[in-house]
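Observations on the three-dimensional arrangement
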Amino acid sequence: MGSTIPVAAILLLLGGFIVTGGIGAGWTWSPAWSSAEFPGSELVPILVVFGTLLGAWSAGKAKEGFGAEGRQAGAYYLIGSVVFAMLAVLALLIAFIVTNGLQTMLTGTSLFGGQFTVPFVGVGLPWPEFPFLMNQTGGLYVEIPGVLPAVIGTLWLVFGAVSFTVPLGIGAAVFLTEYAERGRFTQVVEIATNGLWSTPSIVFGLFGLAFLVPRISGGNSIVVGQLVLGFMLLPLVLITSREAILAVPDAHRDASAALGVTKWQTIRSVVLPAAMPGTITGVILGVGRIAGETAPLLLVFGGSPYPSNTPNVLTSFTLTAQPPFVTNEALLSPASALPYQLYSTITAGVFPKEIFTNTEFGWGTALVLLLVVVGLYAIGVGSRLYFRRKLHHE
Amino acid sequence: MSETESRNSTAQPEQRVTTTGESSEEVREEWTDYEFAGDAKIAAEDLDVYYGEEKALQSVSLDVPDESVTALIGPSGCGKSTFLRCLNRMNDRIKSASVDGSVTLDGEEIYSDGVNLVELRKRVGMVFQEPNPFPKSIKDNISYGPRKHGDLDTGLLARLLGRDDTDEEHELVERALRRAALWEEVNDRLDDNALGLSGGQQQRLCIARCLAVDPDVILMDEPASALDPIATAKIEDLIEELAEEYAVVVVTHNMQQAARISDQTAVFLTGGELVEYGETDQIFEHPRSQRVEDYITGKFG
Ligand SMILES: Nc1ncnc2c1ncn2[C@@H]1O[C@H](COP(=O)(O)OP(=O)(O)O)[C@@H](O)[C@H]1O
Ligand SMILES: [Mg+2]
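Residues numbered from 1 in each chain as written. Chains lettered and ligands numbered in written order. Predicted model: local features only at pLDDT ≥ 70, side-chain atom pairs only at ≥ 80, totals over all residues. Heavy atoms only, no water.

As for the domain arrangement of chain A
All names here are of chain A. To be explicit about the condition: Per the annotation, domain bounds derive from an automatic or database assignment of domains. By definition in these notes, contact holds between two residues if any of their heavy atoms fall within 4.5 Å. Throughout, buried area stands for the accessible area (probe radius 1.4 Å) lost by two parts on being put together, summed over both. Salt bridges, as used here, are contacts in which a Lys or Arg side-chain nitrogen is within 4 Å of a carboxyl oxygen on Asp or Glu. What qualifies as a polar contact is a pair of N or O atoms within 3.5 Å, subject to a donor-acceptor requirement within protein and to the restriction that residues adjacent in sequence count only when both atoms come from side chains. When residue character is reported, Ala, Val, Leu, Ile, Met, Phe, Trp, Tyr, Cys and Pro are called nonpolar, Asp, Glu, Lys and Arg charged, and the others, Gly included, polar.
By the assigned domains, chain A splits into domain 1 (4-105), domain 2 (108-135) and domain 3 (148-393). Each of domain 1 and domain 3 was reduced to a C-alpha centroid, and the two centroids are 41 Å apart. Every contact between the two is made by 9 residues of domain 1 and, on the other side, 10 residues of domain 3. Taking both sides of the interface into account, the surface hidden between domain 1 and domain 3 amounts to around 780 Å²; carbon and sulfur atoms contribute 88%. Looking only at domain 1, the three residues that lose the most surface to domain 3 are I97, T104 and M105, adding up to 63% of its buried area. Our enumeration of links across domain 1 and domain 3 arrives at 0 salt bridges. At the boundary of domain 1 with domain 3, the tally comes to 1 residue pair in polar contact (both at pLDDT 80 or more). Split into classes, the residues belonging to the side of domain 1 that touches domain 3 amount to 6 nonpolar, 3 polar and no charged.

Here's what the structure looks like:
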């Protein structure tokens, strides 16, 4: 009871001031003790937020009758409004990107304006047209510049990073949990991986620039970008799969050993499948981070800010007679990725095409980046569900 | 987890055994001499087991006959599980454990250097106290062992290579499940996850999984202690039936259960001593050791 009465008084006073127009957007508070000024347009929202939290808290207490129940309800309402506020901020962010980027992204789209030529038959079918997603960014004949090179670049980066990191990370986690003796060595590795995960990405980028670039491609390239992002992802995959493997009950290992199954087969057929959902969770989190990573890409990956062609990784493999026997021109060339595209567009001078300004193109890119990341999440969550299903009866 | 719990919760009776249980009584050699027809399937000879410094088994010698049920009884912490784990060398998996002495399976030493643990454990199967099916389908639980041993080839690769054993797998799964008296209950959901079964069904699945590898000996460590009375009765029936083909060694701390299902009984008492071993009726009706009589009549433990 004691704490709710002053709160109610304060709220009444505040409400009164605002409703009667005592304080409002136009009003400014300049306290005598300082030269700072607090304009009402900023002060009022802050006061309202605090008022809401206080009000929710004491309303909860009052509703359940002030005792232990009341305190419980007060805490519940307080936490509830904080969570709600968080979700509101998130919604605001997404809404902001969507409203700013949608116009750009939808420029020139039509549901049946495009043509899809059926392979081998040669008949054209009406097909959705989506120039912002399907066009090159630069080039002479491009009317509506798009972000296709950046989308493909981002997908290649993520694919490359994940495909070498996941086996390495899981392998290291298996070694550390199942084979290595717990002791000084595993402790050092643990601390090192945690440290690597919190290393700033620009440091990874610098390493790539100074060490990998001269040795591998001699300039910015996709493959170095993949390696650098992979190194960033590796500690998280290692940490999460180690946790997931440790969480597999020993009863499974004993049961398998008692059947006369070797340790390695047990790990492969019992331990790893049971640890899969946990590992995938780690990969999902990590992919979210590396897909939006910009700083290292500036150093080791990015090429022309307005690329006029999409990296053609699949068809560029060539065999040679000397080591390294397989080369891929496309992998060794720089490219564009969505966050890199976003950065280089908004920091560049004038957009080369009339149709968009830099900012418009940037918002469109941001929206596509958001969608790509959400899409990658969806794939990850889907595969985690699939493995969960297999492990549990549901 | 439950292993430690049961060890802790029974710390008290264990103490009482040492204080009131006439620990001065000497164990006589003839109490553990048990004559039976035929060769021993498994023979333990002067088996000592240490966990670090602590001695958990004191020079235990025990011969297990084939095609019968051997019960190991005794208060908690007296080394029954430890002894059982010596018979398929599962103690090798416990870092602090060291085993001294000899165990022979069909006359062959299993504690010599060249012994292949994989082969040994294929021949000596084990069922644990807590049902521990893999988080896989019922069918995969059964075919897991044979598949890993290369006795079964199924799956996409096998199909592509023309070595598919899907029919054999079905047969093997059905045989093992029938043998474990579980077929009727699960034959319509072989592809469901095994964790969806009840505790008793899970334990019978674990028995079936063990049978699928076609062992000679089956070790069971309190296989019914986590189960309700009905499920327990089913497991007991099953054990008696298995004894027609296998040497079954069952640990239990339930004396009625030992009396019901076993042909011969070995009584361990605190300190890891084997005190008396003989025909079950004789052990329960005319025990030769005073301490065993006290234990059986419930004076302690
Ligand atoms: N993994 C282990 N590490 C250390 N000591 C153990 C371990 N397992 C059992 N012991 C000890 O060995 C003794 C016998 O245990 P156990 O064989 O489990 O007895 P029982 O199965 O008859 O209850 C106990 O004193 C127990 O504390
Ligand atoms: Mg035990």
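Observations concerning unusual backbone geometry
Residues and elements named next belong to chain B. Where we set the bar: Going along the chain from the N terminus, every DSSP run of H or I of four or more residues is numbered as a helix, and every run of E of two or more is numbered as a strand. Remark: exposure states derive from per-residue accessible area (1.4 Å probe, protein chains only) relative to the maximum for the residue type, with buried under 20%, exposed over 50%, and partly exposed in between.
You will see that S59, though not glycine, has its phi angle at about 45°, which is positive. Within the element layout of this structure, S59 appears in strand β2 (residues 54-65). Judged by its relative accessible area of 39%, S59 falls in the partly exposed class. One non-glycine residue with positive phi stands out, namely R89, at about 55°. Tracing the backbone through its elements, the reader meets R89 in the loop between α3 (80-87) and β4 (97-105).

A short note on the interface of chain B and chain A
Between chain B and chain A, the residue contacts involve 24 residues of the former and 22 residues of the latter. Roughly 1,900 Å² is buried in total at the junction of chain B and chain A, and carbon and sulfur atoms are behind 61% of that figure. Taken together, chain B and chain A are joined by 1 salt bridge. R93 of chain B is paired through a salt bridge with D254 of chain A; the nearest N and O atoms lie 3.0 Å apart. The set of elements that each furnish at least two residues to the side of chain B that touches chain A consists of α4 (117-123), β6 (124-127), α5 (138-148) and α9 (199-212) of chain B. Considering only residue class, the side of chain B that touches chain A consists of 12 nonpolar, 5 polar and 7 charged.

Comments concerning the state of the cysteines
Linking two cysteines covalently via their sulfur atoms produces the bond known as a disulfide. Residues and elements named next belong to chain B. Short version of the rule: Disulfides are defined in this document as cysteine sulfur pairs within 2.5 Å.
One pass over the structure, following the stated rule, counts 0 disulfides over all chains. Looking at the unpaired C86, the closest cysteine sulfur is the one in C78, lying at 13 Å. Of the cysteine sulfurs around C206, a residue in no disulfide, the closest is that of C210, at 9.4 Å. You can call C206 buried: its relative accessible area is 3%.

Brief notes about the domain arrangement of chain B
How big an interface is tends to be expressed through the accessible area that disappears when the partners come together. Residues and elements named next belong to chain B. When the domains of chain B are assigned, the result is domain 1 (3-35 + 63-88 + 114-133 + 213-296) and domain 2 (135-196). Once you take the C-alpha centre of each, domain 1 and domain 2 turn out to be 31 Å apart. On the side of domain 2, 10 residues touch domain 1, which itself brings 9 residues to the contact. Summing both partners gives a buried area of about 760 Å² for domain 1 against domain 2, and 54% of it is carried by carbon and sulfur. Per-residue buried area on domain 1 facing domain 2 is highest for P133, V213 and L238; these three make up 53% of the total on that side. Counting every contact that joins domain 1 to domain 2 gives 3 salt bridges. Residue R179 is joined to E245 by a salt bridge in which the shortest nitrogen-to-oxygen separation is 2.6 Å. Here domain 1 and domain 2 share 1 residue pair in polar contact (both at pLDDT 80 or more) between them. When grouped by side-chain class, the residues that make up the side of domain 1 that touches domain 2 number 5 nonpolar, no polar and 4 charged.

Structural notes on the UniProt feature "domain: ABC transporter" (unreviewed entry) in chain B
The condition is simple: UniProt positions are given in the numbering used here, feature names are shortened, and annotations may be inferred rather than shown by experiment.
Under the feature "domain: ABC transporter" (unreviewed entry), the UniProt entry names residues 42-296 of chain B. Secondary structure across residues 42-296 of chain B divides into 38% helix and 26% strand, with the first and last C-alpha atoms of the span separated by 26 Å.

Structural notes on the site of ligand 1
Residue and element names in this part refer to chain B. Using the following cut-off: Whether a residue is near a molecule or strand depends on its heavy atoms: if one lies within 4 Å, it is near. We get accessible surface area from the Shrake-Rupley algorithm with a probe of 1.4 Å; when it comes to residues, only the shown protein chains can shield them.
Around ligand 1, the structure places 14 residues, and the nearest of them are G77, G79, K80, S81 and T82. At a separation of 2.7 Å, an oxygen atom of ligand 1 approaches a polar backbone atom of G77. Here ligand 1 has 550 Å² of accessible area as a free molecule, and 80% of this is covered by the chains. Those elements that provide at least two residues to the shell around ligand 1 are α1 (2-9), β2 and α3. Looking at which element gives the most residues to the shell around ligand 1, the answer is α3, with 4 residues. Class assignment of the residues belonging to the shell around ligand 1 gives a composition of 4 nonpolar, 5 polar and 5 charged.

Re the UniProt feature "domain: ABC transmembrane type-1" (unreviewed entry) in chain A
Mapped onto the present numbering, the UniProt feature "domain: ABC transmembrane type-1" (unreviewed entry) falls at residues 151-380 of chain A. With 70% helix and 3% strand, residues 151-380 of chain A has its two end C-alpha atoms placed 18 Å apart.

Overview of the sheet that holds β4 of chain B
All names here are of chain B. Convention followed: A pair of strands is treated as paired once DSSP finds two or more bridges between them. Angles shown run from 0 to 180 degrees and are taken between the N-to-C directions of axes, each axis being a line fitted to C-alpha atoms and, for helices, limited to the stretch in contact.
Ordered by their spatial adjacency, 4 strands build an open sheet running β2-β1-β4-β5, and the pairing between neighbours is antiparallel. Each end of this open sheet is capped by a strand with a single partner; those strands are β2 and β5 (108-109). Where β4 and β5 come together, 2 bridges link them in antiparallel fashion. Opposite T104, over in β5, you have E109 as the bridge partner. In this fold α3 packs onto β1 (40-51), β2 and β4, with an angle of close to 120° to the strand it touches most, β1.

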